[in-house]
Amino acid sequence: MTNQKSLLNVHNFMPVSCANGPGRRAVVWTQGCSRRCPGCSNPLTHSHRPHVLLDPKQLAETITTITNIEGITVTGGEPCEQPVSVGRLCRLVRQKNLSVMLFTGWEYEDMAKSRDKSLRQLLSQIDILVSGPFIRHLADKNLIWRGSSNQRITFLTDRYSPKVLKDKNLPQVEGQLSTGRPLQITGFPDESDMNIL
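Let me begin by describing the structure that accompanies this report. This one's a predicted model, so the numbers in the text were calculated from it and none came from an experiment.

### Remarks on unusual backbone geometry
It is generally the case that most residues other than glycine have a negative phi and that most peptide bonds are trans. Across the junction of Gly76 and Gly77, the peptide omega takes the value 15 degrees, indicating a cis bond. Relative to the assigned elements, Gly77 resides in the loop between strand 4 (71-75) and helix 2 (83-94). Even without being a glycine, Arg36 presents a positive backbone phi close to 50 degrees. Owing to a relative accessible area of 45%, Arg36 belongs among the partly exposed residues under this scheme.

Dropping the structure here:
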């Protein structure tokens with residue numbers, strides 16, 4: 001039987017996205033963030049109350065059945081506030097040769113030297129890390145995969161290199177409509193994008 005502490009508190013899941021990392025990717029938004037950056041584009045993910053609790057193994061099995069994706073992106077909320085369950089999810093999808101990209105408000109150095117073994121283990125499962133808090137006055141719509149210029153992209157394995165950032169066709173914002181669901185906007189929209197929508 002699955003222990004509730006081992007479950008992943010998920011805000012949302014998108015089977016395929018092209019605006020949340022290189023190539024076609026499944027995206028998992030975790031629920032819960034203590035940082036609560038002013039101007040955050042995902043304020044509904046801040047509460048730590050259970051939203052949808054999922055077994056990382058079952059979620060990984062679902063993700064690995066999606067055709068023509070090259071990896072997953074885990075964002076939030078704050079994925080590093082659930083390092084055990086997020087780490088398990090990432091480890092399981094990597095075993096199926098999918099890449100892992102993770103967004104966090106933590107700084108890379110703080111993760112690497114953390115006394116929390118589960119956080120360091122999570123770091124070992126990531127190919128691309130986007131780190132640092134969102135800072136509203138440093139917001140820049142022209143950045144790739146970042147909301148503000150203080151945030152850094154670190155390539156932790158040789159699966160990807162900084163060359164991927166030179167692709168001029170990388171979408172920054174996308175909208176998806178599904179039957180019976182409202183329009184879902186993802187990527188890195190700014191206020192002008194939201195006003196247009």
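### Section: helix 1 (residues 56-64)
Along helix 1, the positions that sit buried rather than exposed are Pro56, Leu59, Ala60 and Ile63. Burial along helix 1 is one-sided: seen end-on, the buried residues are contained in an arc of 100 degrees. Where helix 1 is buried, its residues contact strand 1 (8-17), strand 2 (25-30), strand 3 (52-54), strand 4 and helix 2. Where helix 1 begins, the capping side chain belongs to Asp55, and its oxygen is found 2.9 Å from the backbone nitrogen of Lys57.

### Remarks on the side chain of Gln125
Tracing the backbone shows Gln125 in the loop between helix 4 (117-123) and strand 6 (128-131). Residues in contact with Gln125, not counting those within four places in the same chain, are Gly87, Cys90, Arg91, Arg94 and Val100.

### Regarding the environment of Leu165
Considering the arrangement of structural elements, one finds Leu165 in the loop between strand 7 (152-155) and strand 8 (173-176). For Leu165, a relative accessible area of 28% gives the class partly exposed.

### Side note on the pattern of salt bridges
A complete count under the given rule lists 4 salt bridges for this structure. Here Asp55 ties to Arg88 by a salt bridge, and the two come within 3.3 Å at their closest N and O atoms. Here Asp55 is found in the loop between strand 3 and helix 1, whereas its partner Arg88 is found in helix 2, with 33 residues between them in sequence. Note on Asp55: relative accessible area 13%, which makes it buried. Accessibility expressed as a relative area gives 29% for Arg88, which makes it partly exposed. Of the charged contacts, one joins Arg152 and Glu109 as a salt bridge, the two residues approaching to 2.7 Å between their closest N and O atoms. Residue Arg152 is located in strand 7, and its partner Glu109 is located in helix 3 (residues 108-112); the two are separated by 43 residues in the primary sequence. Through salt bridges that share partners, Glu107, Glu109 and Arg152 make up one connected network.

What counts, and at which threshold
Residues numbered from 1 in each chain as written. Predicted model: local features only at pLDDT ≥ 70, side-chain atom pairs only at ≥ 80, totals over all residues. Heavy atoms only, no water. Helix = DSSP H or I, 4+ residues; strand = E, 2+ residues; numbered from the N terminus. Buried < 20%, exposed > 50% of the residue type's maximum accessible area, 1.4 Å probe, protein only. Arc of directions from axis to C-beta. Contact = heavy atoms within 4.5 Å. Polar contact = N/O pair within 3.5 Å; in protein donor to acceptor, adjacent residues only side chain to side chain. Salt bridge = Lys/Arg side-chain N within 4 Å of Asp/Glu carboxyl O.

Structural measurements only, silent on function.
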